[in-house]
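Structural overview
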Amino acid sequence: MKTEFMRAAIRLSLQKMRRGDGGPFGAVVVRRGKIVGRGWNRVTSANDPTAHAEVTAIRDACRRLKTFRLEDCEIYAVASRVRCASLRFTGHGLGKFSTPRAARCGGHRL
């Protein structure tokens, strides 16, 4: 796990939370060392129960990359439920999923 990407997810979550645009959760999708997707929790601000940080980051990455296949990407997420999230992301072909908790064990390969 690269600390710079986890810090970017944390900064994003704090920024959006302070602006009242979501809960205290953020995520970034990284491809070849570059952030290609950003997302934050918008469940309450958008009244959308699917708008979790990881999901919105994946949506942003897919839109930017113009593909739904993200097998060469990693996602860095703040305070995510790794087990539940990894099940959701398997269908997107995401290569690796990291959270602060996962960092202690080197991230989780999907």
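Preceding this section is the structure that the text describes.
The rules we used
- Starting from 1, residues in each chain are numbered consecutively following that chain's sequence as written.
- Totals for whole chains, interfaces and linings use every residue, but because this is a predicted model, local features are given only for residues with pLDDT of at least 70 and side-chain atom pairs only at 80 or more, for both listing and counting.
- As a convention, hydrogens and water are excluded, and side-chain values are obtained from all of the structure's heavy atoms.
- Only one rule defines a salt bridge in this text: a Lys or Arg side-chain nitrogen within 4 Å of an Asp or Glu carboxyl oxygen.
- By definition, any uninterrupted DSSP run of H or I lasting at least four residues is a helix, any uninterrupted run of E lasting at least two residues is a strand, and each is numbered from the N terminus.
- Relative accessibility decides the category of a residue: with a 1.4 Å probe and only protein chains considered, values under 20% of the type maximum give buried, values over 50% give exposed, and everything between is partly exposed.
- By this definition, two strands are paired if DSSP reports at least two bridges between them.
- A pair of aromatic rings is counted whenever rings of Phe, Tyr or Trp (Trp by its six-membered ring) have centres within 6.5 Å, and the orientation is called stacked for planes under 30 degrees apart, edge-to-face for over 60 and tilted otherwise.
- Two conditions define a charge sitting above a ring: the NZ of Lys or the CZ of Arg must be within 6 Å of the ring centre, and it must be within 35 degrees of the ring normal.
- Here, expected helix span is obtained from the residue count minus one, scaled by 1.5 Å.

Okay, the pattern of salt bridges next. Enumeration according to the criterion identifies five salt bridges in this entry. A salt bridge links Asp-72 to Arg-32; the nearest nitrogen and oxygen atoms lie 3.6 Å apart. Remark: Arg-32 occurs in the loop between β1 (26-31) and β2 (34-40) and Asp-72 occurs in the loop between α2 (53-65) and β3 (73-77); sequence separation between them is 40 residues. The partly exposed category is assigned to Asp-72, whose relative accessible area is 36%. With a relative accessible area of 71%, Arg-32 lands in the exposed category. Measuring nitrogen to oxygen at the nearest pair gives 2.9 Å for the salt bridge that ties Glu-71 to Arg-69. The exposure class assigned to Arg-69 is partly exposed, which follows from its relative accessible area of 36%. Members of the salt-bridge network, linked through shared partners, are Arg-31, Arg-32 and Asp-72.

To continue, consider the pairing of β3. Regular strands place side chains that alternate from one sheet face to the opposite one. Taken across its five residues, β3 has four buried, putting it largely inside the fold. When β1 meets β3, the two strands line up antiparallel, connected through five bridges. Bridge pairing in β3 places Arg-31 opposite Cys-73.

Right, let's get into the packing of aromatic side chains. Counting across every chain of the model gives one aromatic pair. Arranged with centres 5.5 Å apart and planes meeting at 45 degrees, the rings of Phe-5 and Tyr-76 form a pair that is tilted. Taken together, the residues Phe-5 in helix α1 (residues 3-18) and Tyr-76 in strand β3 connect sequence positions 71 residues apart. Residue Phe-5 shares its accessibility class with Tyr-76, and that shared class is buried. Sitting over the face of the ring of Trp-40, Lys-16 holds its NZ or CZ atom 4.1 Å from the ring centroid. The side chain of Arg-42 reaches across the aromatic face of Trp-40, ending 3.9 Å from its centre.

On to α2. An ideal rise of 1.5 Å per residue puts 18 Å on 13 residues; α2 measures up with 18 Å between its terminal C-alpha atoms. Burial in α2 covers these residues: Ala-53, Glu-54, Val-55, Thr-56, Ala-57, Ile-58, Asp-60, Ala-61 and Cys-62. Lys-66 occupies a position one or two residues after α2 and carries a positive phi of about 60 degrees.

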